[in-house]
Amino acid sequence: MEKRIIYADHAATTAVSDEVMQAMLPYFQEHFGNPSSIYARGRENERAIMDARARIAACIGAQPNEIFFTAGGSESDNWAIKGAAEQMAAQGKRHIITTAFEHHAVLHTCEFLEKHGFDVTYLPVSPEGLVTAQQVEDAICEDTALVTIMYANNEIGTIQPIAEIGEVCQKHGVLFHTDAVQAIGNVEINVKEQHIDMLSLSGHKFHAPKGVGALYVRKGIFLPNLIHGGGQELGRRAGTENVPGIIGLAKAIELATADIPGKIARLTPLRDKLIDGILKIDQTRLNGDRTQRLCGNVNVSIVGVEGESLLLMLDNAGIAASSGSACTSGSLDPSHVLLSLGLKHEVAHGSLRLSFGEEFTEADVDYILEVIPKVVERLRSMSPMWETLTKQGIRLV
Ligand SMILES: *Cc1c(COP(=O)(O)O)cnc(C)c1O
């Protein structure tokens with residue numbers, strides 16, 4: 001078979017697209033002015049940022065003055081959660097509700113707040129990787145300051161019932177933040193219709209550069225600063241604006257949200273063919289709900305293989321993917337997301353995430369489905385664990 005080069009790690013990051021690159025380029029040299037400066041070169045850039053703000057707002061159903069630029073998803077999550085916590089604590093509310101499978105930018109921020117006197121409820125997720133609005137409602141109490149629940153999970157791609165959760169929060173007068181970093185461009189988002197008070201997004205997950213993102217904050221919510229200094233971003237977030245990044249972010253979100261139904265229609269059959277093909281291998285399982293999932297996400301566990309070895313062999317075959325056992329924090333513990341589904345450690349260790357975007361084709365699917373069974377057979381033939389399991393007739397999934 002002919003070797004192909006396939007980038008199947010869009011959930012980790014994406015390349016800056018040509019159109020985004022072209023939109024940004026003038027702002028590195030020709031239009032380099034500081035937006036705070038009084039002369040034309042500065043004012044022009046201030047206008048360019050205002051324009052970008054309006055265009056981004058339009059893509060998620062927000063108003064321009066509800067969009068604040070940040071250095072990415074992690075900063076947006078930190079700002080929303082720490083800011084809301086500080087503000088609500090002043091009213092005596094110190095309880096936060098989140099889920100067990102949030103991104104670390106949310107989980108570690110919640111853990112930080114626990115050390116500073118906040119109570120955090122980590123809602124368990126179903127074996128399919130979903131939470132319900134009912135769970136949220138049951139957890140809300142008088143002291144609840146904030147609910148923060150991700151729109152779509154970065155590992156298993158499951159999409160949460162955000163509008164229903166937003167409705168419950170509104171009913172009880174509780175602030176609702178969602179980390180929508182993986183959802184942008186894959187799900188139709190309207191912050192007003194979905195009752196979202198704060199929403200985090202990050203450019204590099206949809207073909208803008210790394211290090212630029214935004215936080216939507218509904219008008220009327222006062223969010224204390226995370227970054228103190230100059231008066232940028234209406235005095236709410238200091239630091240000279242990343243002008244090229246902001247211009248790129250606006251271009252990228254317009255492109256990403258231009259035809260979401262079209263993207264879903266094209267990628268869903270490819271995703272499902274990939275899932276069905278991999279599940280033909282003995283002792284494999286799909287992680288995350290089959291249908292309530294991002295159109296570009298496949299996450300499977302393959303018993304008897306080790307995630308890291310699998311990735312290296314796929315890399316040899318030209319396929320860049322990711323694994324839930326990746327030692328992102330320098331530890332070899334399987335991902336908290338997979339464990340939150342109730343997976344055994346041995347099963348979680350053999351997991352594989354393939355996340356793809358617009359350029360993905362059926363030929364890519366066919367190639368991946370040729371490579372994976374061979375690689376799995378090879379790894380299993382070298383695995384003492386697989387030998388023991390097969391000898392004793394034990395099935396882990
Ligand atoms: C990538 C990601 C983040 C972090 O965004 P950065 O811009 O890399 O800081 C946060 N949440 C989710 C769900 C992500 O996928």
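Only a predicted model underlies this, so the values are computations on that prediction, with no experimental measurement involved. (Residues numbered from 1 in each chain as written. Predicted model: local features only at pLDDT ≥ 70, side-chain atom pairs only at ≥ 80, totals over all residues. Heavy atoms only, no water.)

Further remarks concern the nonpolar core. Counting 68 residues, the largest nonpolar core has I60 and L199 as its most contacted members. With 8 residues, helix 7 (residues 243–257) is the largest single contributor of residues to this core. Leaving out residues up to four positions away in the same chain, I60 has contacts with I67, I184, I189, N190, V191, L199, Y216 and I253. (Core = buried A, V, L, I, M, F, W, Y, C linked by side-chain atoms within 4.5 Å. Buried < 20%, exposed > 50% of the residue type's maximum accessible area, 1.4 Å probe, protein only. Helix = DSSP H or I, 4+ residues; strand = E, 2+ residues; numbered from the N terminus. Contact = heavy atoms within 4.5 Å.)

On to the site of the ligand, then. Residues in contact with the ligand amount to 13 residues; listed here are only the nearest, S74, D179, Q182, S202 and K205. In this structure, Q182 approaches the ligand through a side-chain N or O atom, which is 2.6 Å from an oxygen atom. The contact in question runs from an oxygen atom of the ligand to an N or O atom on the side chain of H204, over 2.9 Å. Expressed as a share of its isolated accessible area of 380 Å², the protein-covered part of the ligand is 87%. (Near = heavy atom within 4 Å. Polar contact = N/O pair within 3.5 Å; in protein donor to acceptor, adjacent residues only side chain to side chain. Areas by Shrake-Rupley, 256 points an atom, 1.4 Å probe, with all protein chains shown as cover.)

Structurally, K251 can be placed in helix 7. In this structure the C-alpha to C-alpha distance between K251 and L354, which are 103 residues apart in sequence, comes to 26 Å. Ignoring sequence-local partners within four residues, the contact set of K251 consists of E19, V20, A23 and R55.

Our next topic: the packing of helix 2 (residues 40–60) against helix 7. Viewed as axis vectors pointing N to C, helix 2 and helix 7 meet at an angle of 25°, and their least axial separation amounts to 9 Å. By the criterion of interaxial angle, the relationship of helix 2 to helix 7 is roughly parallel. Handedness of the crossing formed by helix 2 with helix 7: left-handed. Mapping the contact onto sequence places N45, A48, I49, A52, R55, I56, C59 and I60 in helix 2 and V243, I246, I247, L249, A250, K251, I253, E254 and T257 in helix 7. A per-class count over the contact of helix 2 with helix 7 returns 12 nonpolar, 2 polar and 3 charged. (Axes fitted to C-alpha atoms, helices over the stretch in contact; angles between N-to-C directions. Parallel < 35°, antiparallel > 145°, perpendicular 65-115°, else oblique. Left-handed = near helix turned anticlockwise from the far one by under 90°. Nonpolar A, V, L, I, M, F, W, Y, C, P; charged D, E, K, R; others polar.)

Moving on: the environment of L379. Looking at where L379 falls in the secondary structure, it is placed in helix 12 (residues 362–381). Taking the C-alpha atoms as reference, L379 lies 7.8 Å from S309; in sequence the two are 70 residues apart. Discounting residues that sit within four places of it in the chain, L379 has contacts with G304, V305, S309, L310 and M313.

This next bit is on helix 2. Helix length check: helix 2, at 21 residues, gives a terminal C-alpha distance of 31 Å against a target of 30 Å (1.5 Å per residue), a fit within 8%. Along helix 2, the residues that are buried comprise G42, N45, A48, I49, A52, R53, I56, A57, C59 and I60. The secondary structure elements touched by the buried residues of helix 2 are strand 2 (67–70), strand 7 (198–202), strand 8 (213–217) and helix 7. Directly beyond the C-terminal end of helix 2, a positive phi value near 75° is found at G61. (Expected span 1.5 Å × (residues − 1).)

Moving on, we get to the sheet that holds strand 10 (residues 297–302). Overall, antiparallel pairing links the 3 strands, which are arranged 9-10-12 in an open sheet. The strands lining the two open edges of the sheet, one partner per strand, are strand 9 (284–286) and strand 12 (351–355). Between one strand and the next, the sheet's axes are offset by a mean angle of 25°, whatever the strand orientation. With 3 bridges joining them, strand 9 and strand 10 adopt antiparallel strand pairing. Residue pairing for strand 10: L286 is matched across the bridge by V300. Helix 8 (residues 260–279) contacts strand 9, strand 10 and strand 12 of the sheet and is inclined by roughly 5° relative to strand 10. (Pairing = 2+ DSSP bridges.)

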